[in-house]
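Descriptive analysis of the structure
Single-letter residue listing:
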Amino acid sequence: METLRVLLALLCVFLAEAQAQIQVNKFLDCPVDLFFVLDTSESVALRTKPHDFYINQIKSFTNQFVDKLTDLTHNCDRVLTWNSGALHYSDEVKMVKELGPVGTERDAMKKAVQAIEFIGKGTYTDCAIKRGVAEVLRGGSHYSENKYIVVVTDGHPLTGYKEPCGGVQEAANEAKQFGVKVFSVAIIPDAEESRLLVMATNKNYRQNFTAADEARSPHEKTIQTIIDMMTNETRDTCCSFDCVAPGGPKGGPGDPGSKGETGRPGMPGEKGDTGGVGKIGDPGPVGYSGMKGDRGIKGGKGDRGHKGYEGDKGQNGRDGVDGLKGEAGFSGLSGCKGSPGSDGLQGDSGPKGDAGPYGVKGAKGDDGKDGEEGRPGNPGTQGPKGEPGRRGPDGDKGERGDDGAPGPDGGPGDRGLGGEKGEQGSRGNRGGRGEPGDLGPRGEQGREGSAGPNGDPGDAGKVGPPGYRGDEGAPGPEGAKGPRGIKGAPGDRGQIGPRGADGLPGNGTEGCPGFQGYPGPRGDNGEPGGKGTPGPKGDDGDPGDSGLDNNTPGKPGGKGAKGHRGGDGSPGLPGPPGPSGTDECEILDIIMKLCSCCECKCAPVDLVFVVDSSESIGATNFALAKDFIITVIDRLMKDHQIKFVNDSKLSVVQYSGSKAQEVVHLSDKGLIEFKQIVRDLKWLAEATYTGEALDYTLKNSINQMKQVNRVAIVLTDGRSDITRDKVPLNVLCNQNVRVGGLGVKDYSGREPNKEQLDDMTCNSSPNKPGFSFVLDNYAELLEDTFLQNLLAKICQDKKCPDYKCPINFTQGTDILMMMDSSASVGEKNFETSKTFAVSLAERFLNAEKPSGVNVRVALGKYSQNAEIVQRWTTDYALLANKSETVLYESKGTNVLEAMNLAKKELQGRGDSAGGRKVLVLFSDGRSQNMTQKQLADRVRELAGASVDIFVIAVGSQVNEANLYTLVSRGRPDDSAYAHRHLFRVSDYPTLIRGVFYQTVSRRVSIPSQ
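Right, let's walk through the structure included here. Because the structure is a prediction, the values reported are computed rather than measured.

Focus: the sheet that holds strand 17 (residues 866-873)
- Here six strands make up an open sheet; going across it, the order is 17-16-15-18-19-20 and the pairing mixed. Only two strands of the sheet have a single neighbouring strand rather than two, namely strand 17 and strand 20 (982-985). For this sheet the average axis-to-axis angle between neighbouring strands, irrespective of direction, equals 15 degrees.
- The sheet contacts of helix 15 (residues 827-845) involve strand 15 (813-820), strand 16 (855-862), strand 17, strand 18 (916-922) and strand 19 (947-954), and relative to strand 15 the element is tilted by about 170 degrees.

In structure tokens form, the structure reads like this:
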């Protein structure tokens, strides 16, 4: 019994010491709360194949992070411990594990992370961050400074739809308010960096952190950097000791507390919908008249006006009064050579002379003047002071200065004796204006004197008379605004401008009248007048004396007046036969050109658009997709006369995730309302369930169609979630509908999945195989070239009038068609030529012919050289397939090479019964290194070999002489033959429009005469 008491006492002591040790250890611990927020949305899952690749990268990154969370002892003997938890999210938030100590729950945490399955829908990052903040505040340690969140995401979407929880900016601000620090980690380096910076609560918490490096493995450097930052930041918190006494026994429940303070105002609510139109209010009272406003700032100087038109020439002035002869002055000293005199005033223009002969073509003119000097740019910032430069060369000599002011008049001197004529003296100062003197004879032009030194600027002289208006010079650089000048002389009268706005009432006074102009100089004498007209006939003279007899006959008289009409003559010989009349094919061609209803048109079509509205598309691309739908509808109605309201059905289906489809039908309300509904479609931004969307389209749109021509256009990035979407992509195959797949690269530049495009477009379907286009971006959907190609695919089924023009061959015929593949044609036009040639070949090979008659066709092309691309055959399918492989050359044009090859190929052809040999040549008559004589010789050689040449000329840029030579068979006077063998069209599309190919084949089938 005593032993039992001793054992119980020892056990009590041991338990007390253990409890005390636990209290000590608990006091020494400094826990850090770390919560992971992991993005498993569609933009992450469908970034590459397999779809869970990056999801596995995120899970590996998180588990490796958890393995690195080990206890650490600070210098203050406090032990840093870890609590961790996690959630993952898409358009919903799912808890992975709540906060718990890593030391005891590490394996449970890693197991929960490894069990994550991606959601693959929209990206609601703001909601996920707020949920993470709530988790670290609700659980974990009591250290509010030691709470962290690590968000692993790609940052998508950048813009486009309203985030349901206020946006990542608001979520980051809420985390800052509660002291929770948020690190943002990109999945791979090409994430949306701007969004990641907004998520991080400090710029240091976003240092290009990535969860996977270029080798697509978990990034250990990112993990270690974040752990080191958290360890350093928590050191001060952990080592700040507070007096914490051991807790006492649990007390009883306290009294109810008093009512708390009123909470802070909430965040502003979302903007409400636009309210209804209110009633018109009562008119308000008449307002008081406002005070007069301040005077406006004076406007700047206006631009210089346009040059006015030259005014009418003024009247000649009156001759002035001769002045008094002045006294003879002293002989001056010999002066320097004077400067050249000014040109004399121009006299009145003389009468206009007869037109002279055309002159010789002048040489190339001088280079034009330099352009106007540009306005000075804005002053730049002052640069550093440069080193002193070397002394520059001496400048050009300056211009001559103005004449100085005249000196005072001297007193009259004694009259000196007349001395010898001295040398010419230097130029004296200018004297005052004397009285007008006698008009003296014009002196000889003086020799050019040397330039004198520049004089000092003189005083401003009196305003001189206005001179003749000179030519307008080149505008100089814009100078500083000078002082206001004196009022100038009135300028030439300009053209009447448009009526300006009424100005304010003026307050000026009437100006003074202008002064009368100076009389002009007397003009030179005019040239002598021409020979005068003959005067009136004079009176008859008296008769003269009789002359001598003249036996020579006089000159024959003039031709008499026209006589009366004679009797009808005998009929002449019959003339040559005229050209053949228009045959039924040509008549049919004329009818089809005049009648628009005779052309093949797009058959009535029931059309449905299936538009991908998933998160990987992006809001901007989705808006472009809606514009594309409306553009296609407008083009079909305008260019192909499709009547959607009456004949054809129209609908649009947008889709995203499971059970996320929306259909819009063209109702009886009209096309305008339908387009507006399409414009108002909202981006769904969820997962991509294309198979489910196609099945929805089949049940809700295609099964309601009535036309034989049914088309479904599927617009997507080609990345359907086939793992979770169990509906196959070929659900529309064998449903009597043609499916067109438009695969566009997504916002990150990833190529569409070609296998998925092929499955949904039913390329292997024998009835209605589909078609597909792959585009680099959504903007290409609105390019004109792509729209033309798409409309051609939609309108594959044509509605054509049943007009036929049969042809037949009565003898064996070999027909060689040579297509022009030169640079002047162009690649697109060459493709049209191939289509036209194949249509001719089909007519030739399927024509009616008697038994034993054989028709063969060969196809060639020429540019700088000529070649046969399909040798003689009677198999139309073989020739049609071979034509698709013919390539465009884009080189020079050598028609002679084409004719040489034709002569070689057609030599000896035709059957023994006199078979025909025909060359159908595509040519505009232009060729390099060819004379008309060479061409005529080659034509005669082919005519001698019994080869009929038919020429097809396209466009207006042709050589008429060469074309006529080609179809004349060496007989320039046989215009009827040339007319039958030459075909003209305005452009290449006309070749395949209407029944032109029937007209050509009909003429070729008829033997020439």
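Next comes the rest of the write-up.
A closer look at the packing of aromatic side chains
- A full pass over the atoms with the stated rule returns 16 aromatic pairs.
- Centre to centre, the rings of phenylalanine 36 and phenylalanine 65 are 5.2 Å apart; their planes meet at 75 degrees, and the pair counts as edge-to-face. In this pair, phenylalanine 36 is assigned in strand 1 (residues 29-39) and phenylalanine 65 in helix 3 (residues 53-68), connecting sequence segments 29 residues apart.
- A relative accessible area of 0% means that phenylalanine 36 is categorised as buried.

Topic: the environment of threonine 40
- Topologically, threonine 40 is positioned in the loop between strand 1 and helix 2 (42-45).
- Between the C-alpha atoms of threonine 40 and glutamate 117, which are 77 residues apart in sequence, the distance is 8.0 Å.
- Setting aside residues no more than four positions away along its own chain, threonine 40 makes contact with Ile55, His88, Tyr89, Ser90, Ile116, Phe118, Ile119 and Gly120.
- Among the polar contacts listed, one links the side chain of threonine 40 to the side chain of histidine 88, at a separation of 3.1 Å.

What about the nonpolar core?
- Of all hydrophobic cores here, the largest spans 42 residues; its most connected members are Phe609, Phe628 and Leu790.
- By residue number, the principal contributor to this core is helix 10 (residues 619-639), which donates eight residues.
- The contacts of phenylalanine 609, once residues within four sequence positions are left out, are Phe628, Ile629, Val632, Ile633, Leu650, Ser651, Val652, Val653 and Ile713.

Some thoughts on the side chain of histidine 88
- Mapped onto the elements, histidine 88 comes out in strand 3 (residues 79-89).
- Those residues in contact with histidine 88, other than ones at most four positions away along the chain, are Leu38, Thr40, Val93, Lys94, Val96, Ile116, Glu117 and Ile119.

Focus on helix 4 (residues 102-114)
- Of all the bends found along helix 4, the most pronounced is centred on alanine 108 and spans about 30 degrees.
- Three or more residues of helix 4 are buried, namely Val102, Met109 and Val113.
- Contacts from the buried residues of helix 4 go to strand 1, helix 3, strand 3 and strand 4 (93-101).

A word on the sheet that holds strand 11 (residues 709-716)
- Read from one edge to the other, the open sheet built from six strands follows the order 10-9-8-11-12-13, with strand pairing classed as mixed. The outermost strands of the open sheet, each flanked by one partner alone, are strand 10 (661-665) and strand 13 (771-775). The average angle at which neighbouring strand axes cross in this sheet is 15 degrees, direction not considered.
- Examined bridge by bridge, strand 8 (residues 605-612) and strand 9 (residues 650-655) share six bridges and lie parallel to one another.

Re the pattern of salt bridges
- In total, this model carries 26 salt bridges according to the counting rule given.
- Note that arginine 206 and glutamate 193 form a salt bridge whose closest N and O atoms lie 3.0 Å from each other. Of this pair, arginine 206 sits in the loop between helix 7 (193-199) and helix 8 (220-238) while glutamate 193 sits in helix 7, placing them 13 residues apart in sequence.
- Accessibility expressed as a relative area gives 33% for glutamate 193, which makes it partly exposed.
- Beyond isolated ion pairs, a larger network of salt bridges with shared partners links Lys130, Glu170 and Glu174.

Quick word on the side chain of arginine 738
- In this structure, arginine 738 sits in strand 12 (residues 738-744).
- Within polar-contact distance, the side chain of arginine 738 engages the backbone oxygen of proline 769 at 3.2 Å.
- Apart from residues lying up to four places away in sequence, arginine 738 is in contact with Arg710, Val711, Ala712, Lys768, Pro769, Gly770, Phe771, Lys793, Gln796 and Asp797.

Things to note about the state of the cysteines
- Scanning the entire structure with this criterion turns up five disulfides.
- Here cysteine 602 connects covalently by a disulfide to cysteine 795, the sulfurs 2.2 Å from one another. Between cysteine 602 and cysteine 795 the disulfide shows an S-S torsion of about -85 degrees. By sign, it is left-handed. Within this pair, whereas cysteine 602 is found in strand 7 (residues 601-602), its partner cysteine 795 is found in the loop between helix 14 (784-794) and strand 14 (798-799), the two being separated by 193 residues in sequence. Taken as a pair, cysteine 602 and cysteine 795 share a single burial class, namely buried.
- Each sulfur of the disulfide joining cysteine 733 and cysteine 762 lies 2.1 Å from the other. One quick way to see it: the torsion about the S-S bond of cysteine 733 and cysteine 762 is about -100 degrees, and its sign makes the bridge left-handed. Linking cysteine 733 in the loop between strand 11 and strand 12 with cysteine 762 in the loop between helix 13 (754-761) and strand 13, this pair joins segments that are 29 residues apart in sequence. You'll find cysteine 733 and cysteine 762 in the same group, each marked buried.

Rules and cut-offs
- Residues numbered from 1 in each chain as written.
- Predicted model: local features only at pLDDT ≥ 70, side-chain atom pairs only at ≥ 80, totals over all residues.
- Heavy atoms only, no water.
- Pairing = 2+ DSSP bridges.
- Helix = DSSP H or I, 4+ residues; strand = E, 2+ residues; numbered from the N terminus.
- Axes fitted to C-alpha atoms, helices over the stretch in contact; angles between N-to-C directions.
- Contact = heavy atoms within 4.5 Å.
- Phe/Tyr/Trp six-rings, centres within 6.5 Å; stacked < 30°, edge-to-face > 60°.
- Buried < 20%, exposed > 50% of the residue type's maximum accessible area, 1.4 Å probe, protein only.
- Polar contact = N/O pair within 3.5 Å; in protein donor to acceptor, adjacent residues only side chain to side chain.
- Core = buried A, V, L, I, M, F, W, Y, C linked by side-chain atoms within 4.5 Å.
- Bend = angle between axes of the 7 residues up to and from the residue.
- Salt bridge = Lys/Arg side-chain N within 4 Å of Asp/Glu carboxyl O.
- Disulfide = S-S within 2.5 Å.

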